[in-house]
Amino acid sequence: MQTSVDFFDNIDKKLLIEILKQRVNDGGLLRLIGKWLNAGIDESGELSYPEKGTPQGAVISPVLSNIFLHHVLDDWFVKEVQPTLGCHSFLIRFADDFIIGCELKTDAERVLALLKERFKSFALSLHPDKMKLLPFGEPPSSAKVDKRNGTFDFLGFTFYWSKVRKGYWVVKKKTIGKRLNRFIKTIWGWCRDNRHDPLKEQYVTLCQKLNGYYQYY
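Residues numbered from 1 in each chain as written. Predicted model: local features only at pLDDT ≥ 70, side-chain atom pairs only at ≥ 80, totals over all residues. Heavy atoms only, no water.

*Asks:* When you look at the packing of aromatic side chains in this model, what are you seeing that I'm missing?
*Replies:* The description of two aromatic rings rests on the distance between their centres and on the angle between their planes. One pass over the structure, following the stated rule, counts 10 aromatic pairs. Where Phe136 meets Phe152, the ring centres are 5.0 Å apart and the plane angle is 75°; that geometry is what we call edge-to-face. Here Phe152 lies in strand β5 (residues 152–154) and Phe136 lies in the loop between α4 (105–121) and β5, a separation of 16 residues in the sequence. When the ring of Phe152 is compared with that of Phe159, the centres are 5.2 Å apart and the planes differ by 10°; the resulting orientation is stacked. The exposure classification of Phe152 matches that of Phe159, with both residues buried. (Phe/Tyr/Trp six-rings, centres within 6.5 Å; stacked < 30°, edge-to-face > 60°. Helix = DSSP H or I, 4+ residues; strand = E, 2+ residues; numbered from the N terminus. Buried < 20%, exposed > 50% of the residue type's maximum accessible area, 1.4 Å probe, protein only.)

In structure tokens, the structure reads:
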């Protein structure tokens, strides 16, 4: 799942300050954060002062956004939602992308309904295209390798079930198809434009590009 489009631009500043006050008792620090939040944005020479959202490009923006979502989602899920569920569940979040796993379908449906209400109370919404409820249990041992039980994308990877040589199922991941194809097209274009360069130079640069891709994923 993912929070609303342009999450960083839609954080309610007043709600954020109220959340910070629960843990921060330093008036000077709160005033400094307030100045950060109310700093103007210069776009093509025009200065504007958005009523909501964290400052774009500011080093404090990811920190404040994570504090906001920690209160809205992480802390709330662990303290108020998990104790009411019938079986095991978990939450994994990175910035405004997150996945929630539940053993029972009824628990998953209940969590989804609670999420919508929780986000609405903090002036947020779930991304309509990335909000999915799908089965991801281990397939039966008799299933074929290509008969996967649901797949999902998270942080640039596609996660899926696959059989290993010894015959049992494991969760594997691979680069999202669109991103892989985009990288291949970029490399192909670079090779075409530099095909007349010395072979040794092409080799060195190409290795750097490939290693950068491998290390990223």
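*Asks:* How should I be thinking about the pairing of strand β4 (residues 97–102) in this particular structure?
*Replies:* Side-chain direction in a regular strand flips from residue to residue, so the side chains alternate between the two faces of the sheet. As judged from the six bridges shared by strand β3 (residues 89–94) and β4, these two strands associate in the antiparallel manner. Residue pairing in the sheet places Leu91 in a bridge with Ile100 of β4. Between the end of β3 and the start of β4, which pair antiparallel, lie two residues, with Ala95 showing a positive phi angle near 55°. (Pairing = 2+ DSSP bridges.)

*Asks:* Looking at this model, I keep getting lost on the pattern of salt bridges. Mind explaining?
*Replies:* When their charged atoms lie close together, side chains carrying opposite charge are able to pair. Counted according to the given criterion, the structure contains four salt bridges. Residues Glu18 and Lys21 are paired through a salt bridge, measuring 4.0 Å at the closest nitrogen-oxygen approach. Note that Glu18 and Lys21 are positioned in helix α1 (residues 13–21) at a spacing of three residues, about one turn of the helix. By relative accessible area, Glu18 is classed as partly exposed at 46%. In this structure, Arg93 and Asp74 form a salt bridge, with 2.8 Å as the shortest nitrogen-oxygen distance. Placement of Arg93 in strand β3 and of Asp74 in helix α3 (residues 60–81) is noted, with a sequence separation of 19 residues between them. Here Asp74 falls in the buried class, since its relative accessible area comes to 17%. (Salt bridge = Lys/Arg side-chain N within 4 Å of Asp/Glu carboxyl O.)

The quantities given are spatial measurements derived from coordinates; they are silent on function.
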